[in-house]
Amino acid sequence: MKLIRFGAEGNEKPGVQLSDGTRLDVSRLVNEYDEAFFAGDTLADLASKIATKADTLPKVDESVRLGAPLARPSKIVCVGLNYAKHAAESGMEIPAEPVLFFKATSAIVGPNDDIIIPKGSEKTDWEVELAIVIGKKASYVDKENAMNHIAGYVLHNDVSERAFQLERSGQWVKGKSADTFAPIGPFIATREEISDPGNLRLWLKVNGEIQQDSDTSDLIFDVPHLISYISQYMTLLPGDIISTGTPFGVGMGLNPPTYLKDGDVVELGIDGLGTSTQKVKSYKK
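Right, let's walk through the structure included here. Please read these numbers as outputs of a predicted model, since none were measured by experiment.

Quick notes on the rules
- Residues numbered from 1 in each chain as written.
- Predicted model: local features only at pLDDT ≥ 70, side-chain atom pairs only at ≥ 80, totals over all residues.
- Heavy atoms only, no water.
- Helix = DSSP H or I, 4+ residues; strand = E, 2+ residues; numbered from the N terminus.
- Buried < 20%, exposed > 50% of the residue type's maximum accessible area, 1.4 Å probe, protein only.
- Contact = heavy atoms within 4.5 Å.
- Areas by Shrake-Rupley, 256 points an atom, 1.4 Å probe, with all protein chains shown as cover.
- Lys, Arg positive; Asp, Glu negative; His and termini not counted.
- Charge placed at Lys NZ, Arg CZ, Asp CG, Glu CD.
- Expected span 1.5 Å × (residues − 1).
- Arc of directions from axis to C-beta.
- Pairing = 2+ DSSP bridges.
- Axes fitted to C-alpha atoms, helices over the stretch in contact; angles between N-to-C directions.
- Phe/Tyr/Trp six-rings, centres within 6.5 Å; stacked < 30°, edge-to-face > 60°.
- Lys NZ or Arg CZ within 6 Å of the ring centre and 35° of its normal.
- 1 Å grid on protein atoms, 1.4 Å probe; cavity = no way out; pocket = protein on both sides within 12 Å on 5 of 7 lines; lining within 4 Å.
- Points joined across faces, edges and corners; volume = space filled by probe spheres on them.
- Nonpolar A, V, L, I, M, F, W, Y, C, P; charged D, E, K, R; others polar.

### Overview of the overall build of the protein chain
Here is step 1: If you tally the helices and strands in the protein chain, you get five helices and 19 strands.
Here is step 2: Expressed along its principal axes, the backbone C-alpha trace of the protein chain runs to roughly 55 × 45 × 30 Å.
Here is step 3: For the protein chain, with 285 residues in total, the buried portion stands at 54%.
Here is step 4: Expressed as a percentage of contacts within the protein chain between residues at least 6 apart in sequence, the contacts between residues at least 24 apart total 74%.
Here is step 5: As displayed, the protein chain has an accessible area near 12500 Å², and 47% of this comes from carbon and sulfur atoms.
Here is step 6: For the protein chain, the separation between the mean place of its 30 positive charges and that of its 40 negative charges on side chains is 5 Å.

### Digging into helix α2 (residues 42-53)
Here is step 1: Along its twelve residues, α2 runs 16 Å from first to last C-alpha, staying within 8% of the 16 Å computed at 1.5 Å per residue.
Here is step 2: Along α2, the residues that are buried comprise L43, L46 and I50. For α2, the arc enclosing every buried residue in end-on projection is 55°, short of the 170-degree limit, so these residues lie on one face. Exposed and facing more than 90 degrees away from the buried side of α2 are A44, A51 and T52.
Here is step 3: Turning to α2, the residues buried within the fold contact β1 (2-6), β2 (13-17), α1 (35-39), β11 (150-157) and β14 (188-190).

### Side note on the environment of G245
Here is step 1: By the element assignment, G245 lies in the loop between β17 (241-243) and β18 (265-270).
Here is step 2: We classify G245 as buried; its relative accessible area is 0%.
Here is step 3: Taking the C-alpha atoms as reference, G245 lies 8.4 Å from D158; in sequence the two are 87 residues apart.
Here is step 4: Setting aside its immediate chain neighbours within four residues, G245 contacts V79, N82, Y83, V128, E129 and L130.

### A few points about the side chain of S121
Here is step 1: Within the secondary structure, S121 sits in the loop between β8 (115-117) and β9 (124-125).
Here is step 2: What makes S121 buried here is its relative accessible area of 15%.
Here is step 3: In this structure, S121 is in contact with E161 and F164, ignoring residues within four places of it in sequence.

### Let's talk about the pairing of strand β16 (residues 209-215)
For a regular strand, side-chain orientation follows a simple rule: the groups alternate between the two sheet faces.
Here is step 1: Inspection of the sheet shows strand β15 (residues 201-206) paired to β16 by six bridges, in the antiparallel sense. Bridge pairing in β16 links V206 to E209.
Here is step 2: Connecting β15 to the antiparallel partner β16 that follows it, the hairpin turn spans two residues, and N207 within it adopts a positive phi of roughly 55°.

### Considerations on the sheet that holds strand β19 (residues 274-282)
Here is step 1: Read across the sheet, five strands follow the order β8-β19-β18-β15-β16 without closing on themselves; strand pairing throughout is mixed. Looking at strand neighbours, the two that pair on one side only are β8 and β16, the edges of this open sheet. For this sheet, the mean inter-axis angle between neighbouring strands, taken without regard to orientation, is 20°.
Here is step 2: Examined bridge by bridge, β8 and β19 share three bridges and lie parallel to one another. Paired with I115 across the strands is V280, a residue of β19.

### What about the packing of aromatic side chains?
Two measures describe an aromatic ring pair: the distance that separates the ring centres and the angle between the ring planes.
Here is step 1: Scanning the model with the defined rule gives four aromatic pairs in all.
Here is step 2: Look at Y229 and Y233: their rings are 5.1 Å apart centre to centre, the planes differ by 55°, and that puts the pair in the tilted class.
Here is step 3: By relative accessible area, which is 16% here, Y229 ends up buried.
Here is step 4: Since its relative accessible area comes to 54%, Y233 is described here as exposed.
Here is step 5: Grouped by ring-pair contacts, the aromatic residues Y33, F37 and F38 constitute a single cluster.
Here is step 6: The lysine or arginine in question, K2, covers the ring of F187, its NZ or CZ lying 5.5 Å from the ring centre.

### What to know about the layout of surface pockets
Here is step 1: Of the voids in this model, the largest pocket is the one considered here, and its volume is about 290 Å³.
Here is step 2: In terms of lining residues, the largest pocket is bounded by 18 residues, among which E9, E12, R72, I108 and V109 are the most central.
Here is step 3: Class assignment for the residues of the lining of the largest pocket results in five nonpolar, six polar and seven charged.
Here is step 4: Volume-wise, the second largest pocket comes out at about 180 Å³.
Here is step 5: Together, 13 residues line the second largest pocket, and F38, G40, L43, G135 and I150 are the ones closest to its centre.
Here is step 6: Elements with a contribution of two residues or more to the lining of the second largest pocket: α1 and β11.
Here is step 7: Looking at the lining of the second largest pocket residue by residue, the class counts come to five nonpolar, four polar and four charged.

See below:
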């Protein structure tokens, strides 16, 4: 099942996208795709109801805006330098353990919303990433059981301001958390839709030119390892996001380095998780 949220910003409703692309409004069946939804049996219950009531549910026109496919989670945990070639282009050693940082949940926007270059930015960069949505509370989970804690997977552009991230004192979070720096979606593909998250092509274009083109088989630390590892240091709550890292091809790694500017168009996608497109605009009061 594919979960979507649709409507004007701040007034999104829950929906689903069927295998033929049809979008249905399920707001009379569930209140929201939030922690309470992912924590219980609501996902299985929703699938059962759709199987018997799909013909009675309102259709959502393709022209209607898609929001992020889940309500603001408690946290976004990101993994840095999790592809060997990306570590190399960043001039950093392959990490012995996952490199973790947070991204503010206020950065979340819809999959096709604009990216706003923040005030004072000169190095806003792109990063296509596979993100995991937690479906069951995870604390001190072992790798063998880690996959049981997944609700689904989603496409994420981990937009980054490299000067804020790397050239100023402090942690990476301030280079990752500007408003609009987390376009997510178009949908959450539930766990059964993705048979092998370790074998997915992911790609990103800027102004129609391919910049990133790789496969999740190149992950240094795979999905079960990440869930288990992170759960040793914090409790992952239902609806939380783990963004698993980006492959080589970011703007910082080009020669010369190239960053997003007003008017650019970013397109990205992952096998089974759809595509998204963001226009880039400069910050304005």
